[in-house]
Amino acid sequence: MLNIVIFGAPGSGKGTQSERIVEKFGLNHISTGEVLRTEIKNGTELGKTAEGYISQGQLIPDALMIDILASVLDHFKDSKGVIFDGFPRTTRQAEALKVMLNERGQDVSVMIDLDVPEEELMDRLIKRGQQTGRADDNEETIKKRLVVYQTQTAPLKDFYRNEGTYYHINGVGSMEEIFGKITEALEKVK
Ligand code: ATP
Ligand code: MG
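Summary of the structure given here. (Residues numbered from 1 in each chain as written. Chains lettered and ligands numbered in written order. Predicted model: local features only at pLDDT ≥ 70, side-chain atom pairs only at ≥ 80, totals over all residues. Heavy atoms only, no water.)

Here's the deal with the pattern of salt bridges
Our working definition: The salt bridge definition used is simple: a Lys or Arg side-chain nitrogen within 4 Å of an Asp or Glu carboxyl oxygen. Any residue under 20% of the maximum accessible area for its type is buried, any over 50% is exposed, and the rest in between are partly exposed; the area is computed with a 1.4 Å probe on protein chains only.
Counted by the stated rule, this structure contains 15 salt bridges. In this structure, aspartate 137 and arginine 145 form a salt bridge, with 2.9 Å as the shortest nitrogen-oxygen distance. Like arginine 145, aspartate 137 is buried. For glutamate 140, the salt bridge is made with lysine 144, and the minimal N-O distance between the two is 3.9 Å.

This is the structure we're talking about:
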């Protein structure tokens, strides 16, 4: 089993790189952001709840997010491994993920930290907002998301350093270049 946490600030390229990893390594992919956006599009109760938080640049409460993740994970019974994209985002989520995987006789194999400076993140997200119309990709909300990332999510780097699974990658460069570095990291843990 190759269980990967793909980590980084908003706009760091988690989704883009996840697609490539899926293609090359044949893993399942969970993007919690995508799960929530689908719920919003379908107008479900969960979607309505999520929309309030996302539009404010805030995180969905841990308890709710952990339940959602557990139910998605149950669909991946005979998987070669999973890429967790956008989860965990808090220490509580990281602890819950550890428990969920341990209960299944598994663990996080590697945490890949895509490191990108804030000015570059801001540029990328504003561009993405213009191209895709994604509602939370506007300057005001992006600023809030970056603060949330620094205060609530970035501390997870230490969590995974302690676990011995932390792997840093410079997330600035061409998509191919960055994917090359990720592949190198994954070949080592496979
Ligand atoms: P990227 O651009 O790298 O894909 P992102 O931060 O722009 O990252 P998503 O991961 O798609 O975007 O998440 C969008 C929003 O969904 C977050 O700002 C947050 O409100 C909510 N969300 C997603 N995952 C979680 C989570 N694990 N816990 C709480 N809220 C979450
Ligand atoms: Mg994404």
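Some points on the packing of aromatic side chains
Quick note on the threshold: What counts as a ring pair is set by centres within 6.5 Å for rings of Phe, Tyr and Trp (its six-membered ring), and what kind of pair is set by the plane angle: stacked under 30 degrees, edge-to-face over 60, tilted for all other angles. Charges are assigned to positions over rings by a cutoff of 6 Å between ring centre and Lys NZ or Arg CZ, combined with an angular limit of 35 degrees from the ring normal.
Following the criterion strictly, the structure yields two aromatic pairs and no others. Here phenylalanine 159 and tyrosine 160 contribute two aromatic rings whose centre-to-centre distance is 5.0 Å and whose plane-to-plane angle is 70°, an arrangement assigned as edge-to-face. As far as burial versus exposure is concerned, phenylalanine 159 and tyrosine 160 are alike and both buried. The cationic tip of arginine 161 hangs over the ring face of tyrosine 166; the distance from NZ or CZ to the ring centre is 4.4 Å.

Quick word on unusual backbone geometry
Applicable threshold: Here a strand is any run of E in DSSP of at least two residues, a helix any run of H or I of at least four, and the numbering for each starts at the N terminus.
The peptide bond linking phenylalanine 87 to proline 88 adopts the cis configuration, its omega dihedral lying at 0°. Relative to the helices and strands, proline 88 resides in the loop between β3 (82-85) and α5 (91-103).

Some words on the site of ligand 1
Quick note on the threshold: We call a residue near a given molecule or strand whenever any one of its heavy atoms falls within 4 Å of it. Within 3.5 Å is the distance limit for a polar contact, defined as a pair of N or O atoms, with the added protein rule that one can donate a hydrogen and the other accept it, and that residues adjacent in sequence qualify only through two side-chain atoms. Only the protein chains shown count as cover for residues, and the accessible areas themselves come from Shrake-Rupley with a 1.4 Å probe. All amino acids are sorted into three groups, where Ala, Val, Leu, Ile, Met, Phe, Trp, Tyr, Cys and Pro are nonpolar, Asp, Glu, Lys and Arg are charged, and the leftover types, Gly among them, are polar.
If you check the shell around ligand 1, you find 22 residues, and the closest are Lys14, Thr32, Gln58, Arg89 and Arg145. Measuring from an oxygen atom of ligand 1, one finds a side-chain N or O atom of arginine 89 at 2.6 Å. Side-chain polar atom of arginine 145 to an oxygen atom of ligand 1: 2.6 Å apart, as the coordinates give it. Expressed as a share of its isolated accessible area of 620 Å², the protein-covered part of ligand 1 is 97%. Examining the composition of the shell around ligand 1, we find that four residues originate from one element, helix α2 (residues 32-41), more than from any other. Among the residues forming the shell around ligand 1, the class breakdown is eight nonpolar, seven polar and seven charged.

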